[in-house]
Amino acid sequence: MKPTNTKDPEYYHKVVDCQYACPAHTPVPEYIRLIAAEKYTEAYMVNWESNVFPGVLGRTCDRPCEPACRRVRVEEEPVAICRLKRVAADNKGDVKNYMPQGPFQPNGKKVALIGGGPASLTVARDLAPLGYEVHLFDEQPAGGGMMRSQIPSFRLPEEVLNEEVNYILDLGIHTQFLTYVNSLKDVLEGGYDAVFVGTGAPKGRDLPKLPGRKEGDKFIHIGIEWLANVAFDHIKSISKKVIVLGGGNTAMDCCRTSRRLGGKDVKVVVRSPFDEMKASPWEKEDALHEDIQIIDNHVPLSFEVEDGKLIGMKFQKVRPVYDENGKRQLLPTDEPEVFIEADEVLIAIGQENSFPWIERNIGLDFDQWGMPVVNEKTFQSTLPKVFFGGDAAFGPKNVITAVAQGHQAAVSIHLFCEGKDLLDRPSPYTNLISQKMGIHEWSYDSAVIIDQRYIVPQAKKSVTLKDRKKEVELGFDVPTAYKETQRCLNCDVQTVFTADRCIECDACMDVCPTSCITFTANAEEPELRQNLLVPAENLSQDLLVSKELKTGRVMVKDEDVCLHCGLCAERCPTSAWDMQKYFYSVTKAYQMPSPLPAIQK
Amino acid sequence: MSYLKPLFRHPKLPKNKLGYTLKEYEGSLSTLCAGCGHDSISAAIVQACFELSIEPHKVAKISGIGCSSKTPTYFLGNSHGFNSVHGRMPSVATGANMANKDMVYFGVSGDGDSASIGMGQLVHVIRRNLNMVYIVMNNGCYGLTKGQDSATADQGSKSKAGSINPFQAIDLASLAIELGASFVAQSFSGDKLQLVPLIKAALHHKGFAFLNVISPCVTFNNNPGSTKSYDYVREHIEATSSLDFVPEMPEIKTKYDEGKSTRVAMHDGTLIQLNKLANDWDPEDRISAVNALQKARSKNEILTGLLYVNTEWNDLHGTLNTHQTPLNKLKEEDLCPGDEALKEINDGFR
Ligand SMILES: Cc1cc2nc3c(=O)[nH]c(=O)nc-3n(C[C@H](O)[C@H](O)[C@H](O)COP(=O)(O)OP(=O)(O)OC[C@H]3O[C@@H](n4cnc5c(N)ncnc54)[C@H](O)[C@@H]3O)c2cc1C
Ligand SMILES: Cc1ncc(C[n+]2csc(CCOP(=O)(O)OP(=O)(O)O)c2C)c(N)n1
Ligand code: SF4
Ligand code: SF4
Ligand code: SF4
Ligand SMILES: [Mg+2]
């Protein structure tokens, strides 16, 4: 193999598993260390700079970082990355001082943002400090998009959302709420230099053809519409017996909200097997904890209506069958149809995009599925002035993806307005600094703690079920949060190897607890992977390969299960290994002046 | 500074016949200087014991004084250990071995511990052919007391402070062969491919197995002009053979190139498979072994590998014809013949 090019900004980035998996690439270990040091404000700002909604995300993020956490590869559970983020938000001091301070010198450019969800708000935050005049339109009475209309208050208190939406709006954004945009053409004629579409995926799927659908209409609701009506206080109660159809996150929010609005006997009925439901495992757990029954492997057959009143639904039992490619089919079993009683039904079987307000003759192309044609890197549509991001761009995902796409769309809009090539994007901001404080002394806690993941306490069910706004999760208290921070392996503190210094004493290879380092003859990657002390079978993890050493061998380090314990560097007589902290911040239109204080122990 | 090694290990770490991984053979985190050759030898011992599936509680590690003699703390943490007095490891090992011959005895010593203060003890334990593995971690200096020349420092070798050693070196391997050690090998801490099979063979040898392992002292004797530095050793190393230790007697299928390949059968049916690099050397011939060592020395080469092995000589228990059951397991009734017998013996002197 050729020596690894560690100058490539992505090499060390990839070693920071959580950060790499995060769509917005939030510097996770950096903020975890700050929390451990009780520097909550700084920890918050590291998050805010990257993901814009630390308080919201610390409660509701889909957390793609957690399954990626290195810890999962050496023990059972990842670090509670998401819930630590909340600790920063809960305990922070005055953060506004660290944010860009308006009014900003206008740059003479004007942009329109359609939709006020996390994608648009991110674009607003990134463009406002550069002097853009930002106009934001949303049909709802306040900003936040689905974070406001869909995510229930018992998971995300309104104050938390308002606070973080306002940090952005306070940057001098011109808002026009309660304004439904019904023509893109009209907007384009409004003299904007660029337009961003962040209208989400607002249409809930229905079951229009299922027998009884029309007759029972009064008792049947589309999940996301119903949740929005609850959020905006248009709906305040539900009947005793409720069926929720679907197995995703919306279904979980619908059933749990039902329990709070008067639903006593709430059942989630889902086609797929329990383990394959789309909802996150922790959401299913929470639903079960609230006495909601989840009935899997049932396909709806009909709504049963008697005397104009819904009495329940019929279902066919199915069993999953998998072909050799693992593709699933749900085959009916020969068991009889199942009738389940219900007074009301919530349909939570998915969301769709819909753009009735975009004219099809203005040069903005749509594909065969009715989705706009959008460049995956630049987020530009076929109408150069118009950009998309969030759920509107590529279908429903989640808040953190909307934020990540918002950042990139903002970069594109800025390049576009400056007449530059959108594909020639500025590099990410990176920084690599030694953490050496003395011969065997590091500026980070290098000891590897074996504690198992700590559990976030919840409020009592008897309290939370009575009030839909009462937050269920209480968040970590400070002492527990500290213990949880210590589980982080500091994957951003990189093992940096300087081949010219190595005297091949083998000390690093001998001491490495997880057998990551091998000195061996060079070979092509597949063979080299097999020749290591423990074969490197996780192909998603890279090998760090040195240039040829004096004895003709190379140093090969398998990044897979390195604990970042620093022992290799401690036992190296020549400092051929050093522990160096890698900071990586994704390219943004407005790169904040470093909010990042040096870490002190 | 880390005092503890993290507890996590590679999840795919191989297991041996006992179901143990390397972890069960490790000791605590070394406090020797970073890069010390002794640590590599410790790692080789861990590897060899793991590969041979030795039960850790059946091993006793015995050492004298010195950085080298500290190493038993850093390997085989689940085994017995005795850190004795400077140069007195052989006496303690002899006593222990006499009391319980069912254990594996690892003697760990340094060139100071063995070739100076402990020389008298070393020569006698060799003569007695005590069943043990005796490793000298040889760095040509007294590492623990800050690097004074030891008796194995080569004449003309330069110390870190710049002085030239005026004295002849004691060649421990030649000495061991001369005194009748039944297994003698030489190696280098930086060559685990050779060292691990040598330790495994030594563990299976019944009798005194002597390993002189060059082990650079990275702090006090790794300077230019030293003949025990990493660079010097790497440049001057020559091997008698490449070898494999074969745990069980395999069926002999292939015919080996006579004169190049040799096998030595050990007492317990295991084999050392040697691929000879030096032609006029025969590992079972003492004279050829001494000659090979002398020749190498005249060419300024460091000869490594297995030098000499004799599987026929009795070990100390054999010579003394001790009881099959280890002494510490014999009961009072076995050891005390009773009044009648005593009376008979006494009567014999009347
Ligand atoms: C029930 C439910 C629960 C969810 N829970 C989570 C969760 O816990 N964690 C998570 O990460 N994600 C969750 N999501 C997904 C998440 O809310 C979305 O992926 C995210 O909000 C998308 O952001 P966005 O900016 O693309 O659009 P949205 O948040 O959908 O915002 C779009 C906004 O545009 C407005 N709009 C649309 N069309 C027009 C128009 N023509 N004129 C004016 N305004 C318009 C809408 O009113 C809306 O306010 C959940 C979704 C649902 C449905
Ligand atoms: C009876 C006695 N005399 C002298 C000493 C001082 N002393 C400690 S270690 C040592 C030499 C050790 O040299 P070596 O065996 O080569 O070990 P190394 O440290 O080089 O591995 C000496 C002389 C002592 N501890 N005890
Ligand atoms: S930091 Fe070094 S010693 Fe520790 S696990 Fe990683 S490679 Fe091994
Ligand atoms: S410890 Fe340092 S000098 Fe020794 S082999 Fe490892 S990198 Fe090279
Ligand atoms: S002084 Fe020399 S022998 Fe002792 S630990 Fe340090 S390097 Fe090893
Ligand atoms: Mg010594």
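Residues numbered from 1 in each chain as written. Chains lettered and ligands numbered in written order. Predicted model: local features only at pLDDT ≥ 70, side-chain atom pairs only at ≥ 80, totals over all residues. Heavy atoms only, no water.

1. Re the overall build of chain A
Piece 1. Each helix and strand in chain A was counted, giving 22 helices and 24 strands.
Piece 2. Whereas a compact globule of 601 residues would reach a radius of gyration of roughly 25 Å, chain A reaches 26 Å, a difference of no more than 12%.
Piece 3. If one aligns the C-alpha atoms of chain A with their principal axes, the spans along those axes are about 90 × 65 × 45 Å.
Piece 4. Of the accessible surface of chain A, which amounts to about 24800 Å², a share of 50% is contributed by carbon and sulfur atoms.
Piece 5. Averaging the positions of the 70 positive and the 85 negative side-chain charges in chain A gives two centres separated by 2 Å. (Helix = DSSP H or I, 4+ residues; strand = E, 2+ residues; numbered from the N terminus. Rg over C-alpha atoms; globule rule 2.2 N^0.38 Å. Areas by Shrake-Rupley, 256 points an atom, 1.4 Å probe, with all protein chains shown as cover. Lys, Arg positive; Asp, Glu negative; His and termini not counted. Charge placed at Lys NZ, Arg CZ, Asp CG, Glu CD.)

2. Describing the overall build of chain B
Piece 1. Within chain B one finds 12 helices and 13 strands.
Piece 2. Whereas a compact globule of 350 residues would reach a radius of gyration of roughly 20 Å, chain B reaches 21 Å, a difference of no more than 12%.
Piece 3. Taken over the C-alpha atoms alone, chain B extends approximately 70 × 55 × 55 Å along its principal axes.
Piece 4. Look at the contacts in chain B between residues 6 or more apart in sequence, and 72% of them connect residues 24 or more apart.
Piece 5. Accessible surface computed for chain B: about 16200 Å², of which carbon and sulfur atoms make up 53%.
Piece 6. Charge centroids of chain B, computed over 34 positive and 36 negative side chains, lie 6 Å from each other. (Contact = heavy atoms within 4.5 Å.)

3. Focus on the site of ligand 2
All names here are of chain B.
Piece 1. For ligand 2, the set of nearby residues contains 17 residues, the closest of which are Cys67, Ser68, Asp111, Gly112 and Asp113.
Piece 2. Within the side chain of histidine 38, a nitrogen or oxygen atom sits 2.9 Å from an oxygen atom of ligand 2.
Piece 3. Take glycine 143: an N or O atom from its main chain is 2.8 Å from an oxygen atom of ligand 2.
Piece 4. In the complex, the protein chains occlude 73% of the 590 Å² of accessible area that ligand 2 would expose alone.
Piece 5. When residues in the shell around ligand 2 are grouped by element, the largest group, four residues, is from helix H4 (residues 111–117).
Piece 6. Within the shell around ligand 2, the residues separate by chemical class into six nonpolar, nine polar and two charged. (Near = heavy atom within 4 Å. Polar contact = N/O pair within 3.5 Å; in protein donor to acceptor, adjacent residues only side chain to side chain. Nonpolar A, V, L, I, M, F, W, Y, C, P; charged D, E, K, R; others polar.)

4. A short note on the domain arrangement of chain A
How big an interface is tends to be stated in terms of accessible area lost as the parts join.
All names here are of chain A.
Piece 1. Domain boundaries in chain A define domain 1 (110–202 + 353–417) and domain 2 (206–351).
Piece 2. For domain 1 and domain 2, the distance between their C-alpha centroids amounts to 31 Å.
Piece 3. Across the contact, 13 residues belong to domain 1 and 11 residues belong to domain 2.
Piece 4. Both faces combined, the contact of domain 1 with domain 2 buries some 1000 Å², and carbon together with sulfur accounts for 57% of it.
Piece 5. Looking at the side of domain 1 facing domain 2, the largest losses of area belong to Gln150, Phe154 and Arg155, adding up to 49% of the total buried there.
Piece 6. There are two salt bridges connecting domain 1 and domain 2. (Domains from an automatic or database assignment. Buried area = accessible area lost by both parts, 1.4 Å probe. Salt bridge = Lys/Arg side-chain N within 4 Å of Asp/Glu carboxyl O.)

5. Focus: the pairing of strand S12 (residues 328–332) of chain A
Residue and element names in this part refer to chain A.
Piece 1. Two strands pair when backbone bridges link them, and strand S11 (residues 309–322) and S12 are joined in this way by five bridges, in the antiparallel orientation. From the neighbouring strand, proline 320 faces S12, where its bridge partner is leucine 330.
Piece 2. Once S11 ends, the chain turns through five residues before running back antiparallel as S12, passing glycine 326 with a positive phi of about 80°. (Pairing = 2+ DSSP bridges.)

6. Notes on the interface of chain A and chain B
Piece 1. Between chain A and chain B, the contact holds 34 residues from the first and 28 residues from the second.
Piece 2. Surface buried jointly by chain A and chain B totals about 2500 Å² across both partners, of which 58% is contributed by carbon and sulfur atoms.
Piece 3. A salt bridge links Arg571(A) to Asp39(B), with the shortest nitrogen-to-oxygen separation between them at 2.7 Å.
Piece 4. Viewed at the interface, chain B and chain A are joined by 16 residue pairs in polar contact (both at pLDDT 80 or more).
Piece 5. Take the side of chain A that touches chain B: its biggest share by element is four residues, from helix H20 (residues 507–511) of chain A.

7. A closer look at the packing of aromatic side chains
Piece 1. In this structure the tally under the stated criterion is 17 aromatic pairs over all chains.
Piece 2. Ring centres of Phe75(B) and Phe106(B) lie 6.3 Å apart, and the angle between their planes is 65°; this geometry places the pair in the edge-to-face category. Of this pair, Phe75(B) sits in the loop between helix H2 (67–70) and strand S2 (80–83) while Phe106(B) sits in strand S3 (residues 104–110), placing them 31 residues apart in sequence. When sorted by exposure, Phe75(B) lands in the same class as Phe106(B), which is buried.
Piece 3. Linked through ring pairs, Tyr11(A), Tyr12(A), Tyr582(A) and Tyr584(A) together constitute an aromatic cluster.
Piece 4. Here the basic side chain of Lys92(A) rests over the ring of Tyr44(A), its NZ or CZ set 4.9 Å away from the ring centre.
Piece 5. The aromatic ring of Trp48(A) is capped on one face by Arg125(A), whose charged end is 4.4 Å from the ring centroid. (Phe/Tyr/Trp six-rings, centres within 6.5 Å; stacked < 30°, edge-to-face > 60°. Buried < 20%, exposed > 50% of the residue type's maximum accessible area, 1.4 Å probe, protein only. Lys NZ or Arg CZ within 6 Å of the ring centre and 35° of its normal.)

8. Description of the sheet that holds strand S2 (residues 133–137) of chain A
Consider a sheet: its strands pair through backbone hydrogen bonds, and that pairing is either parallel or antiparallel.
Residues and elements named next belong to chain A.
Piece 1. Taken in spatial order, the five strands make up an open sheet running S3-S2-S1-S4-S16, and their pairing is parallel. A strand with exactly one partner marks an edge of an open sheet, and here the two such strands are strand S3 (174–176) and strand S16 (386–388). Strand-to-strand twist in this sheet, taken as the mean axis angle between neighbours without regard to direction, amounts to 20°.
Piece 2. Two elements, strand S4 (residues 194–197) and S16, share three bridges in a ladder whose sense is parallel. What sits directly across from phenylalanine 196, in S16, is phenylalanine 387. (Axes fitted to C-alpha atoms, helices over the stretch in contact; angles between N-to-C directions.)

9. A look at the side chain of Glu471(A)
All names here are of chain A.
Piece 1. Tracing the backbone shows glutamate 471 in the loop between helix H18 (461–464) and helix H19 (478–485).
Piece 2. The buried category is assigned to glutamate 471, whose relative accessible area is 14%.
Piece 3. Setting aside chain neighbours within four positions, we find glutamate 471 in contact with Arg59, Arg86, Ser153, Phe154, Arg155, Pro157, Ala459 and Thr464.

10. Here's the deal with the nonpolar core
Residue and element names in this part refer to chain A.
Piece 1. Within the largest apolar cluster, 69 residues are counted, with the highest numbers of intra-cluster contacts made by Leu184 and Phe388.
Piece 2. Broken down by element, the residue count for this core peaks at 11 residues, all from helix H17 (residues 399–417).
Piece 3. The contacts of leucine 184, once residues within four sequence positions are left out, are Ile114, Val195, Trp357, Ile358, Glu359, Ile362, Leu364 and Val386. (Core = buried A, V, L, I, M, F, W, Y, C linked by side-chain atoms within 4.5 Å.)

11. Here's the deal with the environment of Val299(A)
All names here are of chain A.
Piece 1. With respect to the element layout, valine 299 can be found in strand S10 (residues 298–306).
Piece 2. Sequence separation between valine 299 and phenylalanine 315 is 16 residues, and the spatial gap between their C-alpha atoms is 5.3 Å.
Piece 3. Leaving out residues up to four positions away in the same chain, valine 299 has contacts with Arg271, Lys314, Phe315, Gln316 and Val318.

12. Side note on unusual backbone geometry
Residue and element names in this part refer to chain A.
Piece 1. The residue after glycine 102, namely proline 103, is reached through a cis peptide bond having omega -10°.
Piece 2. Along the chain, proline 103 turns up in the loop between helix H8 (81–91) and strand S1 (110–114).
Piece 3. One non-glycine residue, glutamate 504, lies in the positive phi region at around 55°.
Piece 4. Tracing the chain through its elements places glutamate 504 in the loop between strand S20 (493–497) and H20.

13. Description of the pattern of salt bridges
Residue and element names in this part refer to chain A.
Piece 1. Per the counting criterion, the structure on display carries 58 salt bridges over all chains.
Piece 2. For glutamate 30, the salt bridge is made with lysine 581, and the minimal N-O distance between the two is 3.0 Å. Residue glutamate 30 is found in helix H3 (residues 28–36), and its partner lysine 581 is found in strand S24 (residues 577–585); the two are separated by 551 residues along the sequence. By the burial criterion, glutamate 30 is buried, and lysine 581 matches it.

14. A closer look at the site of ligand 5
Piece 1. Taken together, Leu32(B), Cys33(B), Cys36(B), His38(B), Cys67(B), Asn139(B), Gly143(B), Cys217(B), Val218(B), Thr219(B) and Phe220(B) form the complete shell of residues around ligand 5.
Piece 2. Looking at the shell around ligand 5, its residues break down into seven nonpolar, four polar and no charged.

15. Here's the deal with the sheet that holds strand S7 (residues 183–188) of chain B
All names here are of chain B.
Piece 1. With mixed pairing, the eight strands of this open sheet are ordered in space as S2-S1-S3-S4-S8-S7-S13-S9. Whereas interior strands pair on both sides, the edge strands pair on one side only; in this sheet they are S2 and strand S9 (237–239). Along the sheet, successive strands turn relative to each other by an average axial angle of 20°, direction set aside.
Piece 2. Judged from the five bridges that link them, strand S1 (residues 59–63) and S3 form a sheet pairing that is parallel. Residue pairing across strands places lysine 61 opposite phenylalanine 106, the latter belonging to S3.
Piece 3. The sheet contacts of helix H7 (residues 192–204) involve S3, strand S4 (132–138), S7, strand S8 (208–214), S9 and strand S13 (302–309), and relative to S7 the element is tilted by about 160°.
Piece 4. Lying over the sheet, helix H9 (residues 286–298) contacts S7 and S13, oriented at roughly 170° with respect to S13.

16. Here's the deal with the packing of H8(A) against H19(A)
Residue and element names in this part refer to chain A.
Piece 1. The interhelical angle for the contact between H8 and H19, taken along N-to-C directions, is 140°, at an axis separation of 10 Å. Classified by the angle between their axes, H8 and H19 sit oblique to one another. For the element pair H8 and H19, the recorded crossing hand is left-handed. Along the contact surface, H8 presents Leu84, Val87 and Asn91, while H19 presents Val478, Ala481, Glu484 and Thr485.
Piece 2. For the contact of H8 with H19, the residue count by class is four nonpolar, two polar and one charged. (Parallel < 35°, antiparallel > 145°, perpendicular 65-115°, else oblique. Left-handed = near helix turned anticlockwise from the far one by under 90°.)

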